[in-house]
Amino acid sequence: MSSNTQPITGPIPAAVEEDVLKRPRTSLFQDTIRRLLRNKVATVSGLYILLIALAAILAPLITPYPYDETDYSNVLGKPNAEHIFGADELGRDVFSRLIFGSRVSLGVAFVGSLTAMLIGVLYGAVAGYLGGWIDDLMMRFVDLMYGFPVLLFVILVMLIIPPNSPPGLIMVGVFVSLGVVSWLGVSRLVRGQFLSLRQKEFVEAARATGATPWRIIWRHLLPNSLGPVIVWLTLQIPNLILTESTLSFIGLGVQEPLSSWGKMLSDGWRSMRSAPHMAVFPALAIMITMLAFNFFGDGLRDALDPTMRGRD
Amino acid sequence: MATFIANRLIRSVVVLFLVSVVTFTFIQLAPGGPFSADNSMRPRPPEIEAKLMAQYGLDRPPVEQYLRYMGNLLLKGELGPSLRQKDYTVNQLMFSRDFWANPMQTPVMISATLGLIAFVLAVGTGIPLGVVSALYRNKLPDHIAMFISTLGISIPNFVLGLLMILVFALTLGWLPVYGWGDSWKQMVMPVITLGTGGMALIARLTRASMLEVLGQDYVRTARSKGLSERVVMSRHALKNSLIPVVTVLGPLLAAWLTGTFLVELVFAVPGIGRFFVSAVTDRDYTLIMATILFYSVTLVLSNLAVDVLYGYLDPRIRFD
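Residues numbered from 1 in each chain as written. Chains lettered and ligands numbered in written order. Predicted model: local features only at pLDDT ≥ 70, side-chain atom pairs only at ≥ 80, totals over all residues. Heavy atoms only, no water.

Focus on the overall build of chain B
Alright, step 1. A tally of helices and strands in chain B yields 14 helices and zero strands.
Alright, step 2. Reading the secondary structure of chain B in the N-to-C direction produces α-α-α-α-α-α-α-α-α-α-α-α-α-α.
Alright, step 3. The principal-axis extent of the C-alpha atoms belonging to chain B is close to 80 × 55 × 35 Å.
Alright, step 4. Evaluated residue by residue, chain B yields a buried proportion of 47% over its 320 residues.
Alright, step 5. Nonlocal contacts in chain B, meaning residues at least 24 apart in sequence, comprise 69% of its contacts between residues at least 6 apart.
Alright, step 6. Of the roughly 15700 Å² of accessible surface on chain B, 66% is carried by carbon and sulfur atoms.
Alright, step 7. Averaging the coordinates of the 26 positive side-chain charges in chain B and doing the same for the 19 negative ones gives two points 8 Å apart. (Helix = DSSP H or I, 4+ residues; strand = E, 2+ residues; numbered from the N terminus. Buried < 20%, exposed > 50% of the residue type's maximum accessible area, 1.4 Å probe, protein only. Contact = heavy atoms within 4.5 Å. Areas by Shrake-Rupley, 256 points an atom, 1.4 Å probe, with all protein chains shown as cover. Lys, Arg positive; Asp, Glu negative; His and termini not counted. Charge placed at Lys NZ, Arg CZ, Asp CG, Glu CD.)

Re the overall build of chain A
Alright, step 1. Helix and strand counts for chain A come out as 14 helices and zero strands.
Alright, step 2. Listed by position from the N terminus, the elements making up chain A come as α-α-α-α-α-α-α-α-α-α-α-α-α-α.
Alright, step 3. Classification of the 312 residues of chain A by burial places 48% in the buried group.
Alright, step 4. Summarising the internal contacts of chain A: among those between residues at least 6 apart in sequence, 68% fall at separations of at least 24.
Alright, step 5. About 15600 Å² of surface is accessible on chain A, with carbon and sulfur atoms providing 68% of the total.

A look at the pattern of salt bridges
Pairing of side chains with opposite charge becomes possible as their charged atoms draw close.
Alright, step 1. Applying the stated criterion across every chain yields a total of 11 salt bridges over all chains.
Alright, step 2. Where K263 of chain A meets D267 of chain A, a salt bridge forms, and the shortest distance between an N and an O atom there is 3.1 Å. Taken together, the residues K263 of chain A and D267 of chain A, both in helix α13 (residues 261-270) and four residues apart, mark about one turn of the helix.
Alright, step 3. For K263 of chain A, a relative accessible area of 7% puts it in the buried group.
Alright, step 4. Judged by its relative accessible area of 10%, D267 of chain A falls in the buried class.
Alright, step 5. As a salt-bridge pair, R8 of chain B and D307 of chain B come within 2.7 Å of each other at their nearest N and O atoms. With R8 of chain B in helix α1 (residues 2-29) and D307 of chain B in helix α13 (residues 285-313), this residue pair connects regions lying 299 residues apart in the sequence. (Salt bridge = Lys/Arg side-chain N within 4 Å of Asp/Glu carboxyl O.)

Concerning the nonpolar core
Alright, step 1. Ranked by size, the top nonpolar core spans 89 residues in total, and within it F249 and L265 of chain A together with I165, I202 and V266 of chain B carry the most contacts.
Alright, step 2. Broken down by element, the residue count for this core peaks at 13 residues, all from helix α14 (residues 277-304) of chain A.
Alright, step 3. Look past the residues within four positions of I202 of chain B in its chain and what remains in contact with it is A122, V123, G126, I127, V245, L249 and L252 of chain B. (Core = buried A, V, L, I, M, F, W, Y, C linked by side-chain atoms within 4.5 Å.)

Re helix α7 (residues 157-171) of chain B
Residues and elements named next belong to chain B.
Alright, step 1. Taking 1.5 Å of rise per residue, 15 residues should cover 21 Å, and α7 covers 20 Å from first to last C-alpha, within 8% of that figure.
Alright, step 2. The sharpest bend along α7 measures roughly 30 degrees and falls at I165.
Alright, step 3. Buried residues of α7: F158, V159, L160, G161, L162, M164, I165, L166 and A169, and no others. (Expected span 1.5 Å × (residues − 1). Bend = angle between axes of the 7 residues up to and from the residue.)

Quick word on the packing of helix α6 (residues 140-154) of chain B against helix α8 (residues 185-214) of chain B
Residue and element names in this part refer to chain B.
Alright, step 1. Contact geometry of α6 with α8 gives a least axis separation of 8 Å together with a crossing angle of 135 degrees. Judged by the angle between their axes, α6 and α8 are oblique. When you trace α6 past α8, the crossing you get is left-handed. Residue-level contacts link D142, M146, I148, S149, T150, G152 and I153 of α6 to T196, G197, M199, A200, L201, A203, R204 and R207 of α8.
Alright, step 2. Of the residues in the contact of α6 with α8, the class split is seven nonpolar, five polar and three charged. (Axes fitted to C-alpha atoms, helices over the stretch in contact; angles between N-to-C directions. Parallel < 35°, antiparallel > 145°, perpendicular 65-115°, else oblique. Left-handed = near helix turned anticlockwise from the far one by under 90°. Nonpolar A, V, L, I, M, F, W, Y, C, P; charged D, E, K, R; others polar.)

Concerning the confidence of the model for chain A
All names here are of chain A.
Alright, step 1. Within chain A, residue pLDDT values average 78, and 79% of them lie at 70 or more.
Alright, step 2. When mean pLDDT is taken per element in chain A, helix α4 (residues 40-57) scores highest with 90 and helix α1 (residues 2-5) scores lowest with 47.
Alright, step 3. Within the model, pLDDT remains below 50 along residues 1-5, and this stretch shows two contacts once partners closer than five positions in the same chain are excluded. (pLDDT = per-residue confidence, 0-100.)

Looking at unusual backbone geometry
All names here are of chain B.
Alright, step 1. Even without being glycine, N138 reaches a positive phi, approximately 65 degrees.
Alright, step 2. You can see N138 is positioned in the loop between α5 (107-135) and α6.
Alright, step 3. Looking at N138, the relative accessible area reads 42%, which means it is partly exposed.

A few points about the packing of helix α6 (residues 94-130) of chain A against helix α12 (residues 226-249) of chain A
All names here are of chain A.
Alright, step 1. Between α6 and α12, the least distance of the axes is 8 Å, while the angle of their chain directions is 135 degrees. Our classification of the angle between α6 and α12 gives oblique. Taken as a pair, α6 and α12 cross one another with a handedness that is right-handed. Within the contact between the two elements, α6 uses V104, S105, L106, V108, A109, F110, G112, S113, L114, A116, M117 and V121 and α12 uses V229, W232, L233, Q236, I237, L240, I241 and E244.
Alright, step 2. The residue makeup of the contact of α6 with α12, split by class, is 15 nonpolar, four polar and one charged.

Here's the deal with the packing of aromatic side chains
Alright, step 1. Evaluated as defined, the whole model comprises 10 aromatic pairs over all chains.
Alright, step 2. Ring geometry for F110 of chain A and F293 of chain A: centres 6.3 Å apart, planes at 70 degrees, overall edge-to-face. Highlighted residues: F110 of chain A in helix α6 and F293 of chain A in helix α14, separated in sequence by 183 residues.
Alright, step 3. Its relative accessible area of 32% is what places F110 of chain A among the partly exposed residues.
Alright, step 4. Note on W214 of chain A and W218 of chain A: the rings are 6.0 Å apart at their centroids and 10 degrees apart in plane angle, and the pair reads as stacked. Note that W214 of chain A and W218 of chain A are positioned in helix α11 (residues 213-224) at a spacing of four residues, about one turn of the helix. Judged on exposure class, the residue W214 of chain A and its partner W218 of chain A are both exposed.
Alright, step 5. What links up through ring pairs into an aromatic cluster is the set F249 and W269 of chain A together with F158 of chain B. (Phe/Tyr/Trp six-rings, centres within 6.5 Å; stacked < 30°, edge-to-face > 60°.)

So, in structure tokens, the structure goes:
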């Protein structure tokens, strides 16, 4: 920074100093962060996401009870000093189960989205970089997959898993099937970006200087198409939270004694007349978390490209 | 237009054929069968299982099974016997034993009624919400409309359903908790629960596409011709901005008409949504085929309707 300012002699006007000199050079990344922080809803959402991710990681340290500890004197107990969110039909602490449940709900969402992102980016990158008939073929395959309704596909994948397999395997099935169905969107996104970027001069310049295709993809095309991908990621996570809780709600997700938000909601639904708190807290958890991710994703998109506000 | 529709129809038949083959293959690959032991029954001796499989012709080569199934379906309209619900054919499960006795109370029609009302609600509120949002871009109405639609997208429908039951049925007592067909009051919560997500999606899409269109040259041309703002909006802007919206309406309508498992589950609506899940968990092969084919046919028809609408909205598409 200072090298730029050296030729200037004499006193610098305060306004210039304020405007030009004190303001550091901003990269796209810094610019994005600055715009993001100006958006209060997105900032609060981001903080909430951080908080809840932290809570999920530190679950055993911050929960007052283990997720499977039963307290038979408090079966279906309303929220009280001992159990701030009440207790469930086996006297387990709803608050603790909620925090432990976030591990499954958020874990599936994060791992599923990241897997989908990797597959999608790779697929889209290859299609977009190569173009031509390979691109055509690859995109027809994506179209074909799009024709399949997501939940139906998940159910079909679950069909392959034996009915009496251990919960772990079923969870893996959930992970895999969610990953398999959700990479389609991002592959289209990346492919579109690549198709337009590879016509740009800087790519031509790179090619002229003898850069390998791999280097062009990795150093030039990918970084430039990362913005929309990150936005996609933050908007994909709530989708997967929803799908996981749906599966758990209908009994295809995690099994006892583990908890996830969808599973807790389905337990709560069964005791809704006698213990509404069992349904209310997981419902709120799902709702607020999905809202936070959606607001944060929207905010991030606007921050990356302010002219695009609200255009999908 | 006729060749356009005929083209689409031929393509649809190919898609349906592929779907039936894929589904059938998945069924063959799935471990466990309709008569093998699961948690809900005592273990069955293998000889008996084999006998049962033979009785339903499930011991035949897959290709033969497939051809026989498709033959019965196409020639006689029969979906076969349910393998798990004894004494019922799949037709009877989906259309009830006597469809014409009370057509509106058959599972298929109950799901379709619920889906159609929710669809009309979602389109009827979503599009105006999106238009208002786009016209007042970055002003208060836009912020309010977008907040509502983000909320609508963020609340899973079963969560919304449960919360509504808690508030309107259990606490306030205004609406019945569950059921279908006895009173219009039973329809209120399922319809709103189902429609909200679609409304939010449609509102966001309409807004985005409207903003795109409002920046186009032909809108400026229309304005500079001296047309009134109302005409520019309705004839030029809205009509063109509906194309991406219409695209999502096809799959949405198909999904809703064929029963929505969660909403029907939460409100105990006796539609066909439940079959989509029970068929898979029960390994009820004939019911799996029936649900997926029924859904696919509806999807293909809705997409056909969408294509025709495209042709109306954008004449260029017709001559492709």
